[in-house]
Amino acid sequence: GLLLGVLMLSLEALQRDRFVLSAFLFAVLVNMKHLFAVAGPYYLIYIVRTYCRPAAGFSFPRFALLGFTVVAVCGVSLGPFVANGTIGDLASRLFPFGRGLCHAYWAPNFWALYSLADKVLVRVAGLLGLKRSAEAGGHL
């Protein structure tokens, strides 16, 4: 959908050496869905190495331009929350450390697969005549 389209536009801008546009699009993407923030370090390293370090050495003006672009996008996106004093509520919703970091979408699925694998392995071990000790809390 839309988010993958923005990601593809950002990657295309990188491919065409339009680094400021790519940083802008990636900042918009992360502000739309923070799940994409995990790619941020890769973007940062690539852009700093290719755009901010030309042959003459590190270019602080280019780095500052990139920083200004990202901060401007975040300011437009998060500014209303700061102005209303609700930025803390937003942060607690985006990063729910209080209830754990496992999202409800994948955590139950993982544990269901883990439980199924445990049951299957216990049955297979029983068929093979393997026994577990009582201290291990085994089912056999």
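Structure: see above.
So, how was this worked out
Residues numbered from 1 in each chain as written. Predicted model: local features only at pLDDT ≥ 70, side-chain atom pairs only at ≥ 80, totals over all residues. Heavy atoms only, no water. Helix = DSSP H or I, 4+ residues; strand = E, 2+ residues; numbered from the N terminus. Buried < 20%, exposed > 50% of the residue type's maximum accessible area, 1.4 Å probe, protein only. Contact = heavy atoms within 4.5 Å. Areas by Shrake-Rupley, 256 points an atom, 1.4 Å probe, with all protein chains shown as cover. Expected span 1.5 Å × (residues − 1). Arc of directions from axis to C-beta. Axes fitted to C-alpha atoms, helices over the stretch in contact; angles between N-to-C directions. Parallel < 35°, antiparallel > 145°, perpendicular 65-115°, else oblique. Left-handed = near helix turned anticlockwise from the far one by under 90°. 1 Å grid on protein atoms, 1.4 Å probe; cavity = no way out; pocket = protein on both sides within 12 Å on 5 of 7 lines; lining within 4 Å. Points joined across faces, edges and corners; volume = space filled by probe spheres on them. Nonpolar A, V, L, I, M, F, W, Y, C, P; charged D, E, K, R; others polar.

Enquirer: What's the story with the overall build of the protein chain in this structure? I'm lost.
Expert: Counting its regular elements, the protein chain contains six helices and zero strands. Helices and strands in the protein chain line up, N terminus first, as α-α-α-α-α-α. Counting over 140 residues, the protein chain shows a buried share of 19%. Pairs at least 24 residues apart make up 46% of the contacts formed inside the protein chain by residues separated by at least 6 positions. Of the accessible surface of the protein chain, which amounts to about 10,500 Å², a share of 69% is contributed by carbon and sulfur atoms.

Enquirer: Just checking my understanding: could you explain helix H1 (residues 2–15) for this structure?
Expert: It helps to recall that an α-helix has 3.6 residues per turn; residues three or four apart then point in one direction. With 14 residues, H1 should cover 20 Å at 1.5 Å per step; its first-to-last C-alpha distance of 20 Å lies within 8% of that length. Val-6, Leu-7, Ser-10, Ala-13 and Leu-14 are the residues of H1 that are buried. Projected onto a plane normal to the axis of H1, the buried residues spread over an arc of 120 degrees and lie on a single side. Check the buried side of H1 and you find it contacts helix H2 (19–32) and helix H3 (40–50). Asp-17 sits one or two positions beyond H1 and adopts a positive phi of about 60 degrees.

Enquirer: What's the story with the packing of H2 against H3 in this structure? I'm lost.
Expert: Geometrically, a packed helix pair is captured by the angle between its two axes and the distance between the axes. At a closest axis distance of 11 Å, the pairing of H2 and H3 adopts a crossing angle of 165 degrees. Put simply, H2 runs roughly antiparallel to H3. Here the hand of the crossing between H2 and H3 comes out left-handed. In this structure, H2 contributes Phe-19, Ser-22, Ala-23 and Phe-26 to the contact, and H3 contributes Gly-40, Tyr-43, Tyr-46, Ile-47 and Thr-50.

Enquirer: Mind showing me how you'd approach the layout of surface pockets here?
Expert: Any space left empty among the atoms is revealed by the rolling of a water-sized probe across them. Of the pockets and cavities examined, the largest pocket occupies roughly 610 Å³. Mapped onto the lining of the largest pocket, the elements with two or more residues apiece are H2, H3, helix H4 (60–84) and helix H5 (87–94). In terms of residue count, H4 provides more of the lining of the largest pocket than any other element does, eight residues in total. Of the residues that constitute the lining of the largest pocket, the class distribution is 21 nonpolar, five polar and one charged.

Enquirer: I tried to follow the side chain of Thr-69 on my own but got confused; where do I start?
Expert: Position of Thr-69 among the secondary structure elements: in helix H4. With residues near it in sequence (within four places) discarded, Thr-69 still touches Val-20 and Phe-24.

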